[in-house]
Amino acid sequence: MHNPLAILRLLVLVALPGLAAGVSAQDKLHIYNWNDYFAEDTLSTFEERTGIRAVLDVYDSNEVLEAKLFAGSSGYDLVFPTARPFGARHVKAGLYLPLDKSKLPGLDKLDPAIMASLAAVDPGNAHLVPYMWGTSGLGINVAKVKAALGDTAELDTWALVFDPDKASKLAGCGISLLDDATEVYSAALAYLGKDPNSQVAADLEAASKLVKAVHPHIRYFHSSQYQSDLANGDLCVAQGYSGDVLQARTRADEAGNQVEIAYLIPREGAALWTDVVAIPKDAPSPDAAHGFIAHLLDPAVIAAASNYILYANPNPASEALLDESLRKDPGVYPSPEVKERLFVPSERTDREIRNLNRLFTRLKAGH
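These numbers were taken from a predicted model, which means no experiment stands behind them. (Residues numbered from 1 in each chain as written. Predicted model: local features only at pLDDT ≥ 70, side-chain atom pairs only at ≥ 80, totals over all residues. Heavy atoms only, no water.)

Here we come to the overall build of the protein chain. When helices and strands are counted, the protein chain shows 17 helices and 10 strands. Computed over its C-alpha atoms, the radius of gyration of the protein chain comes to 21 Å, within 12% of the 21 Å expected for a compact globule of 367 residues. Projected onto its principal axes, the C-alpha positions of the protein chain cover 60 × 45 × 35 Å. Across the 367 residues of the protein chain, 54% fall into the buried class. Counting only contacts in the protein chain whose residues sit at least 6 apart along the sequence, the fraction spanning at least 24 positions is 74%. Accessible surface, the protein chain: about 15300 Å² in total, of which carbon and sulfur atoms supply 52%. (Helix = DSSP H or I, 4+ residues; strand = E, 2+ residues; numbered from the N terminus. Rg over C-alpha atoms; globule rule 2.2 N^0.38 Å. Buried < 20%, exposed > 50% of the residue type's maximum accessible area, 1.4 Å probe, protein only. Contact = heavy atoms within 4.5 Å. Areas by Shrake-Rupley, 256 points an atom, 1.4 Å probe, with all protein chains shown as cover.)

Structure follows, in structure tokens:
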């Protein structure tokens, strides 16, 4: 019997040299991605296969990436935005090069549900290829939270950061929120029982009031620092991305510092997101960019990435290669019951984005 996984890997391996043939071995592939979002050997194995040097720059917010893309001439060949609302907006603005799917073996084998979801914002899946997916919830230092709130305290709730009484008790061990207007406002709205994607003025005012009330207890707003601070025991509650929190747990375990980290999806609801890979329309090396996407479509490559960064990937053929602990972790692959409580961030108009960012800037400043 033919092994479908082996055949797919062979197709990818055959495709990569062909894609690289049009570029010089001295050529570089410039990648702009989130920090710690590849396996340790993702770039090196691509270089070995193709002779193309991969140069990586990192960012810690979609807004930073978006500013570079809209400014133009970023110099990057590949970028990794979150599909909604960012990737969707970029597609509408014509920022990405259409994919040459003949160079992407295995693209048609990705999770049909995820591809259908992306097609709603990228018709025909013409520009965006799913990379990883996850949720935005709470990372907690279990012992410190229980010490502050009591052993019977409910932990799977946004109340840990939005209830002034609880937040005041946790302030001493440290609370952080993401430096992301969409994430903070959607979480606040979910906690209030409102539509997490609401742009109604009264709803946003209520969310602003909620966050302003706990602002004195928030140590900082940041989208990556919480990972190391959780691992070191310098924070006890952080709004964060599922895989980042799980990486913090792994670091704490490796350090043997007795810090027990848990990732929880709040019962009031949490964001379900998909990060994608896309080629800017002015990419210097589009052929090499296609080659790298083909590299990521190799089940072994994407499985290694998932095993390292602890995020779920959209390639069903990689499942057999995932660590069992990852496959069975409810923080990575939520149960159907939990999935029902998740929401997908919606697209926003330019005016809505400016308004949300203005409100968030004032909020962070304590106004």
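For the rest of this paragraph, the subject is the pattern of salt bridges. By the definition in use, this model includes 13 salt bridges. In this structure, the salt-bridge partner of Asp298 is Arg49, at a minimum N-O distance of 2.6 Å. A residue pair is termed long-range when its members are at least 10 positions apart, and Asp298 in the loop between helix H13 (286-296) and helix H14 (299-309) and Arg49 in helix H2 (residues 42-50) qualify at 249 residues. Glu66 is the partner of Arg89 in a salt bridge, and the nearest nitrogen-oxygen pair spans 2.8 Å. With Arg89 in helix H4 (residues 83-92) and Glu66 in helix H3 (residues 62-71), this pair connects stretches of sequence that are 23 residues apart. Residue Arg89 shares its accessibility class with Glu66, and that shared class is buried. What emerges from the salt-bridge pattern is a single network uniting Glu154, Asp156 and Arg267. (Salt bridge = Lys/Arg side-chain N within 4 Å of Asp/Glu carboxyl O.)

Per-residue pLDDT for the protein chain has a mean of 92; in total, 93% of the residues score no lower than 70. Contacts of residues 1-14 to residues separated by more than four positions or lying in other chains number 20 contacts, the stretch itself having pLDDT below 50. Contacts of residues 17-21 to residues separated by more than four positions or lying in other chains number 7 contacts, the stretch itself having pLDDT below 50. (pLDDT = per-residue confidence, 0-100.)

What holds strands together in a sheet is hydrogen bonding between their backbones, with the strands either parallel or antiparallel. Spatially, the 3 strands line up as an open sheet ordered S2-S1-S3, and their pairing is parallel. For this open sheet the edge positions go to strand S2 (53-59) and strand S3 (78-79), each flanked by a neighbour on one side alone. Bridge analysis of strand S1 (residues 28-34) against S2 gives 7 bridges, and the strand direction is parallel. Looking at the pairing, Asn33 lines up with Val58 of S2. Strand contacts of H3: S1, S2 and S3, with the helix running at about 140° to S1, the strand carrying the most contacts. This element, H13, spans S1 and S3 of the sheet and lies at about 55° to S1. (Pairing = 2+ DSSP bridges. Axes fitted to C-alpha atoms, helices over the stretch in contact; angles between N-to-C directions.)

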